[in-house]
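So you can see what is in the structure, the chains are spelled out below.
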Amino acid sequence: MKSLLKNAREQKGFKTRELAQLADIDQALISKFESGTRKPTKDQISKLAQLLEIDYETLMVAWLKEKILYEIGDEEFALKAILLAEQEIQNNKKKINSAILSSFQSILDEIEVYKSQIQSLNHFELRKISKTLESEFIFKSIRLSANSLTLEETKSVINEGLTISGKSMQEHMEAINFHETLIYLKDLVQKKINVNEKELLVFHNLILRGNTKSENQEKYKNDPLVIRKMNLFFNWFETNKNSLHPIILASECYLKLLEINPFEKGNLQIANLILNWILSLHNYLFTTVEENDQNRDDKSVFTNYILQTQKVNLIRAIGLVSK
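These figures come from a predicted structure and were not determined experimentally.

> Hey, could you run me through the packing of helix H10 (residues 169-190) against helix H11 (residues 197-207) in this one?
A pair of packed helices is captured by two measures, namely the crossing angle of their axes and the spacing between those axes. With their axes 8 Å apart at the nearest point, H10 and H11 run at an angle of 160° to one another. When the axes of H10 and H11 are compared, the pair comes out roughly antiparallel. In this structure, H10 meets H11 at a crossing whose hand is right-handed. The residues of H11 that touch H10, namely those facing Asn177, Phe178, Thr181, Tyr184, Leu185 and Leu188, are Lys198, Glu199, Val202, Phe203, Leu206 and Ile207. In terms of residue class, the contact of H10 with H11 is built from eight nonpolar, two polar and two charged.

In structure tokens, the structure reads:
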């Protein structure tokens, strides 16, 4: 780890004094980290990873490796102990995920039944469902920014290119932007591209395009803490994307993004886009969370709300094509 830190600092052109000031860490400690005579704390690792642009996971693995080696050294049974510890960590993670899943299992089973019915529909029926739910998603998404277009007016703007009398060009542009963002999202889903920072920033640029009030499109807030938290968010996503149920994963991503609040404008819309990006990748239907829809302080309550909404949407979608 010491060489990782020193090499990264030198590549960035920082003196130890400059890095110490930026990281708010004593200069003597920085030198000791690089010589290996002292170990940084977990919080200091996060700061250094962000400032030196070192991959957080790479630095954390190096840090944990050194902690383990320091504790066990060359003990005779070290390797056996590490193998047992690995098994226990994996088992604990499985137990936690299993407990979360079992608490929602009943409604998840119902959702899968309805989802199977949807997937058995023909192309024209699926197109009808998509067009209806996507128009509603755009309408509800632009309403989050106080857009006054009605649902029918929104459909006219995005489907027929009409100009609605008495509505501002900004409101028209918001609807068009969201429609084009949705097309872009669907293309990512078709290519099976998973959540990543590059595309999240593209979403932000697309939804705010032409908005003269927003100078920071495709940029986070100018706050090192936000950047660090977003790095941690993507690390968390990569770690959990294959172990959590997609709806639970999508719900937690939504909550985490709103907690970070990374942009000056458009955070609710971005959280909804990420929620539906994950749902769409796993063939679930669009679900929009409106501003005062549900208590976001309780993760379990919010996840249940998303599950219930998905179930309602699936039942409604089946009804759309059975009329």
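> Help me out: how do you make sense of the nonpolar core in this one?
What tends to happen in soluble globular proteins is that the nonpolar side chains get buried as a cluster. Counting residues in hydrophobic clusters, the biggest one holds 68 residues, and the most contacted among them are Leu200, Met230, Tyr254, Ile274 and Trp277. When near neighbours in sequence (up to four residues on either side) are disregarded, isoleucine 274 contacts Val195, Leu200, Phe203, Cys253 and Leu257. Counting residues in each nonpolar core, the second largest holds 22 residues, with Ile25, Tyr56, Leu59 and Met60 among its members.

> Looking at this model, I keep getting lost on helix H3 (residues 27-35). Mind explaining?
One turn of an α-helix holds 3.6 residues; hence residues three or four places apart share an orientation. Among all positions of H3, only Leu29, Ile30, Phe33 and Glu34 are buried. With its buried residues spanning 140° around the axis, H3 presents them on a single face. Tucked inside the fold, the buried residues of H3 contact helix H1 (2-12), helix H2 (16-23) and helix H4 (42-52). Residue aspartate 26 occupies the N-cap position of H3, its side-chain oxygen lying 2.9 Å from the main-chain nitrogen of alanine 28.

> Just to check I follow, could you spell out the packing of aromatic side chains for this structure?
To describe a pair of aromatic rings, you give the distance between the ring centres and the angle between the ring planes. For the coordinates displayed, the defined rule picks out eight aromatic pairs. Aromatic pair phenylalanine 137 and phenylalanine 286: ring centres 5.1 Å apart, planes at 50°, arrangement tilted. Taken together, the residues phenylalanine 137 in helix H8 (residues 123-143) and phenylalanine 286 in the loop between helix H14 (267-281) and helix H15 (299-322) connect sequence positions 149 residues apart. Just as phenylalanine 137 is buried, phenylalanine 286 falls in that class too. A ring pair is formed by phenylalanine 302 and tyrosine 305, whose centres lie 6.1 Å apart and whose planes are at 45°; its orientation type is tilted. Of this pair, phenylalanine 302 and tyrosine 305 both sit in helix H15, three residues apart, which is roughly one turn of that helix.

> What is the right way to read the environment of leucine 279 from this model?
Summarising the element assignment, leucine 279 is placed in helix H14. Measuring from C-alpha to C-alpha, the distance between leucine 279 and isoleucine 247 comes to 6.4 Å, with 32 residues separating the pair along the chain. In this view, leucine 279 contacts Ile247, Ala250, Tyr284, Leu285, Thr287 and Gln310; residues no more than four positions away in its chain are not counted.

> How should the environment of methionine 169 be read in this particular structure?
Along the chain, the position of methionine 169 falls in helix H10. As for methionine 169 and asparagine 272, which are separated by 103 residues in sequence, their C-alpha atoms are 24 Å apart.

Reading the values: rules and limits
- Residues numbered from 1 in each chain as written.
- Predicted model: local features only at pLDDT ≥ 70, side-chain atom pairs only at ≥ 80, totals over all residues.
- Heavy atoms only, no water.
- Axes fitted to C-alpha atoms, helices over the stretch in contact; angles between N-to-C directions.
- Helix = DSSP H or I, 4+ residues; strand = E, 2+ residues; numbered from the N terminus.
- Parallel < 35°, antiparallel > 145°, perpendicular 65-115°, else oblique.
- Left-handed = near helix turned anticlockwise from the far one by under 90°.
- Contact = heavy atoms within 4.5 Å.
- Nonpolar A, V, L, I, M, F, W, Y, C, P; charged D, E, K, R; others polar.
- Core = buried A, V, L, I, M, F, W, Y, C linked by side-chain atoms within 4.5 Å.
- Buried < 20%, exposed > 50% of the residue type's maximum accessible area, 1.4 Å probe, protein only.
- Arc of directions from axis to C-beta.
- Polar contact = N/O pair within 3.5 Å; in protein donor to acceptor, adjacent residues only side chain to side chain.
- Phe/Tyr/Trp six-rings, centres within 6.5 Å; stacked < 30°, edge-to-face > 60°.

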